[in-house]
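Structural characterization, general
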Amino acid sequence: MAGLSCGIVGLPNVGKSTLFNALTSGHAPSSNYPFCTIDPNVGVVEVYDPRLQQLSKLSGSKQILYATMEFLDIAGLVKGASQGEGLGNVFLANIRSTDAIVHVVRCFENDDVIHVNGKVDPIGDIETIKLELILADLASCEKILAKVEKQAKVKKDLQPVVTVLKKVQDHFNENKPFSTLPLTDEEKEMLQPYPFLSGKKVLYAVNVSENDVPHMDNEYVQQVREYAEKEGNAIVSICARIEQEIAELPPEERPEFLESLGLEESGLQRLVKASFSMLGLITFLTTGEMETRAWTIRDGMSAYEAAGKIHTDIQKGFARAEVIAYDEYVGCGGRSGAKEQGKVRAEGKGYRVKDGDVVLFLHSR
């Protein structure tokens, strides 16, 4: 599913570019001064899924194609960004194009790495960025409201939109993010054309020092955890420096290195999985001699919609979907065994695809 992306954000010098490099094994400039990332660096990351390895063995596939997510390393943000301070305008324009936010928060002490505000204060850092997003949203809301009020003088049916926009404006004036505004389904529908920044989902990537490995915990992390729980958001603890070391190793050497640190999987694997989950995404699987592949769809999508992710021709000619649950597919030793044991289900267009469904779409030419 193309175009799904998370913006990696945070104050300058919190470890954003180091994390991005580790995520993508890329080469974003990483330096000990603010704003070393000006244009967003974009990287596509594979969502590793061991189920594909199993299916590939059973099918003798020539290649494995994992689901992917896009990450953008976005310019550092400072107080006043909504008024254009620092690289504020660049930041805000880039973040509008992302589906969700991965907010990197500094949770380590290091006198050699300058903190933009002179001290390590994760909650203060979070609230600085949150306030800038709210202020940017307030400015957007005021512009939208002025335009819709003008249109409503002619089109009376727009009056309810004016009313709900005023409700949003009042909320922003109280320095509250869009995500905390109670709205009816009807009001949400009216606001659909106006995606506010402070309404995006947030995953906090708390960046700890090498000394905090393997437990990935300290008093700063605990502060962020409590803060995130109140918001209904999640956190993932990582050590960006170690993640970059892992990324630079050959893949076959990574498990041993992780084990030597007392870690079962990299923080980046957990970060990608959590980002995927945060966006409400699942994967269905296809397998055959040519390839075994994970396809990304939104949870609750129908078989007809899922077919369109593979090819519009398959969707147009949709006849039925042969579906086998992953565990049953493996347990039966493949498609033939699953058929013999009656585990293959014929599903129609309206079937809601589940995570891990192994699907074969049958269609007319």
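In what follows, the accompanying structure is described.

Ranked by size, the top nonpolar core spans 41 residues in total, and within it Cys6, Ile8, Leu19, Leu23, Phe71 and Leu271 carry the most contacts. Ignoring anything within four residues of it in the chain, the contact list for Leu19 reads Ile8, Val104, Ala205, Ile238, Ala240, Leu268 and Leu271. Membership of the second largest hydrophobic core comes to 30 residues, among which are Ile123, Leu197, Tyr204 and Leu258.

Attention now goes to the layout of surface pockets. Quantified by volume, the largest pocket comes out at close to 670 Å³. Lining the largest pocket are 24 residues, and of these Glu46, Tyr48, Arg254, Ser266 and Gln269 sit closest to its centre. When contributions to the lining of the largest pocket are tallied by element, the ones reaching two or more residues are helix H1 (16–24), strand S2 (41–47), helix H8 (240–248), helix H9 (254–260) and helix H10 (267–278). Looking at side-chain class alone, the lining of the largest pocket contains 14 nonpolar, 4 polar and 6 charged residues.

The final tally for this structure, using the stated rule, is 12 salt bridges. The residue Arg51 makes a salt bridge to Asp355 at a minimum N-O spacing of 3.1 Å. On the criterion of sequence distance, the pair formed by Arg51 in helix H2 (residues 50–59) and Asp355 in the loop between strand S11 (345–347) and strand S12 (357–363) is long-range, its members being 304 residues apart. The partner of Arg345 in a salt bridge is Glu347, and the shortest N-O contact between them spans 3.0 Å. On the basis of relative accessibility, which here comes to 30%, the residue Arg345 falls in the partly exposed class. In this structure, a network of salt bridges that share partners links the residues Asp49, Arg51 and Asp355.

Now for H10. Compared with the 16 Å implied by 1.5 Å per residue over 12 residues, the 16 Å span of H10 between its first and last C-alpha is a close match. Among the residues of H10, Gly267, Leu268, Leu271, Val272, Ser275, Phe276 and Met278 are the ones counted as buried. Immediately beyond the C-terminal end of H10, within one or two residues, lies Gly280, with a positive phi of roughly 70°.

There is a patch of like negative charges on the surface, built from Glu252, Glu253, Glu256 and Glu259. Relative to the helices and strands, Glu256 is located in helix H9.

Under the defined criterion, the tally for this structure stands at 8 aromatic pairs. Where Tyr48 meets Tyr66, the ring centres are 5.5 Å apart and the plane angle is 45°; that geometry is what we call tilted. A residue pair is termed long-range when its members are at least 10 positions apart, and Tyr48 in the loop between S2 and H2 and Tyr66 in the loop between strand S3 (63–65) and strand S4 (67–73) qualify at 18 residues. Looking at Tyr48, the relative accessible area reads 41%, which means it is partly exposed. The class for Tyr66 is buried, based on a relative accessible area of 14%. Put simply, the rings of Phe284, Trp295, Tyr304, Phe318 and Phe361 pair up and form one aromatic cluster. In this structure, Arg293 packs its charged tip against the face of Trp295, placed 3.9 Å from the ring centre.

Moving on, we come to unusual backbone geometry. The omega torsion across Val213 and Pro214 is 10°, close enough to zero to call that bond cis. Tracing the chain through its elements places Pro214 in the loop between strand S6 (201–207) and helix H7 (219–231). Phi is positive for Asn175, which is not a glycine, with a value near 60°. Tracing the chain through its elements places Asn175 in the loop between helix H5 (159–173) and helix H6 (185–190). With relative accessibility at 46%, the residue Asn175 sits in the partly exposed group. A positive phi angle, near 55°, is found at Met216, a position not held by glycine.

Calculation notes
- Residues numbered from 1 in each chain as written.
- Predicted model: local features only at pLDDT ≥ 70, side-chain atom pairs only at ≥ 80, totals over all residues.
- Heavy atoms only, no water.
- Core = buried A, V, L, I, M, F, W, Y, C linked by side-chain atoms within 4.5 Å.
- Buried < 20%, exposed > 50% of the residue type's maximum accessible area, 1.4 Å probe, protein only.
- Contact = heavy atoms within 4.5 Å.
- 1 Å grid on protein atoms, 1.4 Å probe; cavity = no way out; pocket = protein on both sides within 12 Å on 5 of 7 lines; lining within 4 Å.
- Points joined across faces, edges and corners; volume = space filled by probe spheres on them.
- Helix = DSSP H or I, 4+ residues; strand = E, 2+ residues; numbered from the N terminus.
- Nonpolar A, V, L, I, M, F, W, Y, C, P; charged D, E, K, R; others polar.
- Salt bridge = Lys/Arg side-chain N within 4 Å of Asp/Glu carboxyl O.
- Expected span 1.5 Å × (residues − 1).
- Patch = residues over 30% accessible without salt bridge, like charges linked within 9 Å, V, L, I, M, F, W, Y side chains within 5 Å.
- Areas by Shrake-Rupley, 256 points an atom, 1.4 Å probe, with all protein chains shown as cover.
- Lys, Arg positive; Asp, Glu negative; His and termini not counted.
- Charge placed at Lys NZ, Arg CZ, Asp CG, Glu CD.
- Phe/Tyr/Trp six-rings, centres within 6.5 Å; stacked < 30°, edge-to-face > 60°.
- Lys NZ or Arg CZ within 6 Å of the ring centre and 35° of its normal.

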